[in-house]
Amino acid sequence: PTESPTAPSPATSPPVTEVPPPHEVLNHLFATMLRARLLAKRLRNAVHTSEAILGGTLQNTGVNDVIVSATGHPILKVLRGTDLSTLLARKKNAEEPIAEQNIITAQPEIFASVAAGLALANRRSQSDSIVVAFAPGKLTRGSAFQQATEFAAENRLPLVVVADWTGSRTSS
């Protein structure tokens, strides 16, 4: 059989690209990333999570979705709607266990278990919201994390875990 000389072979085909997001989405992502960067400079002792990770993840969450953070994360709180002046007025070490805007700060050792439990509660209440868990990548290396994520996978729970490895020397 003869092949058409104009048809590209599979080995030399250009990669398939998706249509770029609309300008409104790109502007919102850039504004969120810029706001996160400026907040990180202002709140020097705040947990650092890549602004691209925060912006991209929060772009795809709804107002009813629950965020679980393994660390106190004031930048995440502000990006989800907490008033910056209210946040700055609080004492530095007065972190609340449950904060406004559906953000829960869990103990680092059990954040995945808390997130899986909330996702199970969402499933049982037939809610269409999801749980998004943020953590530094190194907190994903324990047996508690493994058990929680295996439980979530086995039960097909609405849970997304975002592990930020940008601050570590080794990534996986």
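Residues numbered from 1 in each chain as written. Predicted model: local features only at pLDDT ≥ 70, side-chain atom pairs only at ≥ 80, totals over all residues. Heavy atoms only, no water.

Novice: I keep staring at the overall build of the protein chain and nothing clicks. Help me out?
Specialist: Across its full length, the protein chain holds six helices and five strands. Secondary structure elements in the protein chain, listed N-terminal to C-terminal, are α-α-β-α-α-β-β-α-β-α-β. Within the protein chain, the proportion of its 172 residues that are buried is 34%. In the protein chain, 69% of the contacts between residues at least 6 apart in sequence involve partners at least 24 apart. (Helix = DSSP H or I, 4+ residues; strand = E, 2+ residues; numbered from the N terminus. Buried < 20%, exposed > 50% of the residue type's maximum accessible area, 1.4 Å probe, protein only. Contact = heavy atoms within 4.5 Å.)

Novice: Even after reading the chapter, I still don't get the pairing of strand β4 (residues 131-136), so can you show me in this structure?
Specialist: Two faces, one strand: in a regular strand the side chains alternate between the faces of the sheet. Summarising burial for β4: five of the six residues are buried, a large majority. Relative to β4, strand β1 (residues 66-69) runs parallel, the two being bridged by four bridges. Looking across to β4, one finds that Val-66 is bridged to Val-131. Examined bridge by bridge, β4 and strand β5 (residues 159-164) share six bridges and lie parallel to one another. Residue pairing for β5: Pro-136 is matched across the bridge by Asp-164. (Pairing = 2+ DSSP bridges.)

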